[in-house]
Amino acid sequence: MFLEKKLMPDMTLGSYRDLTPSVLSSLGATALISDIDNTLATYDDLDSPPEVEEWIASLKAAGISVTLVSNNGRRRVERFNSTLLCNAYSNVKKPSAKYLIAAMADMQSAPEETVFLGDQLLTDALAAHRAGIRAVIVPPIKDKKSLFFRFKRALERPYMKKYKKLNGGDAEKENIK
Ligand SMILES: [Mg+2]
């Protein structure tokens, strides 16, 4: 039961682009911590796509602080962030909450003013909830086809199903908070 609460998304959206300044404002959020891989771009996108740049610019223009956190290595994160120029952490070892807490300290945001965006329940949602942050979950842009990833998705399925059930069957754009 305890773990179930930690894994359930607080909100699901169809894409990172749906997390607009007005949605963040409706959540009372002034700071965003975002995953990179499969949330903002595929593993194959070494550079951030122009749509991501536009989205980050729109958030910054609305006064929202943004920190990127990735379990991926420093080179990947630095290159991806080279045009975004966000605060960023690599090798963060989610579901550890350590660097999410560090990111909030950087942005001087309280957990209730912060939202986490990611694509995985077992790493992203769990890390967010350990840090006391709400988790917005989007479908992975392009899943790795490895057995390990398929196994992780299979573990997540019951929680996504339960979330959909609690939210009237439509998991998209539903806010349970
Ligand atoms: Mg990811």
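Quantities reported herein were computed from a predicted structural model and do not represent experimental measurements.

Undergrad: Before we move on, could you go through the pairing of strand β2 (residues 31–34) and cite the residues and values that matter?
TA: Side chains Ala-31 and Ile-33 project from β2 onto one buried face, and the interleaved Leu-32 and Ser-34 project onto a second face that is buried too. With four bridges joining them, β2 and strand β3 (residues 65–69) adopt parallel strand pairing. Pairing of Ile-33 across the sheet is with Thr-67, part of β3.

Undergrad: So, helix α7 (residues 147–166): which residues are in play, and what are the values?
TA: The end-to-end C-alpha distance of α7, which contains 20 residues, comes to 29 Å, matching closely the 28 Å that a straight helix rising 1.5 Å per residue would cover. Considering bend angle alone, the principal kink of α7 is centred on Glu-156 and spans about 35 degrees; proline Pro-158 follows within four residues of it. The positive-phi residue at the C-terminal boundary of α7 is Gly-168, with phi of around 70 degrees.

Undergrad: How would you sum up the nonpolar core? Please name residues and give values.
TA: Counting 46 residues, the largest nonpolar core has Leu-32, Leu-100, Val-115, Phe-116 and Val-136 as its most contacted members. In terms of residue count, helix α6 (residues 121–130) provides more of this core than any other element does, five residues in total. Those residues within four positions of Val-115 in sequence are excluded, and the remaining contacts are Leu-24, Leu-27, Ala-29, Leu-32, Ile-133, Arg-134 and Val-136.

Rules used throughout
Residues numbered from 1 in each chain as written. Predicted model: local features only at pLDDT ≥ 70, side-chain atom pairs only at ≥ 80, totals over all residues. Buried ≥ 20, exposed ≤ 12 C-beta atoms within 10 Å, placed from the backbone. Helix = DSSP H or I, 4+ residues; strand = E, 2+ residues; numbered from the N terminus. Pairing = 2+ DSSP bridges. Expected span 1.5 Å × (residues − 1). Bend = angle between axes of the 7 residues up to and from the residue. Core = buried A, V, L, I, M, F, W, Y, C linked by C-beta atoms within 7 Å. Contact = placed C-beta atoms within 7 Å.

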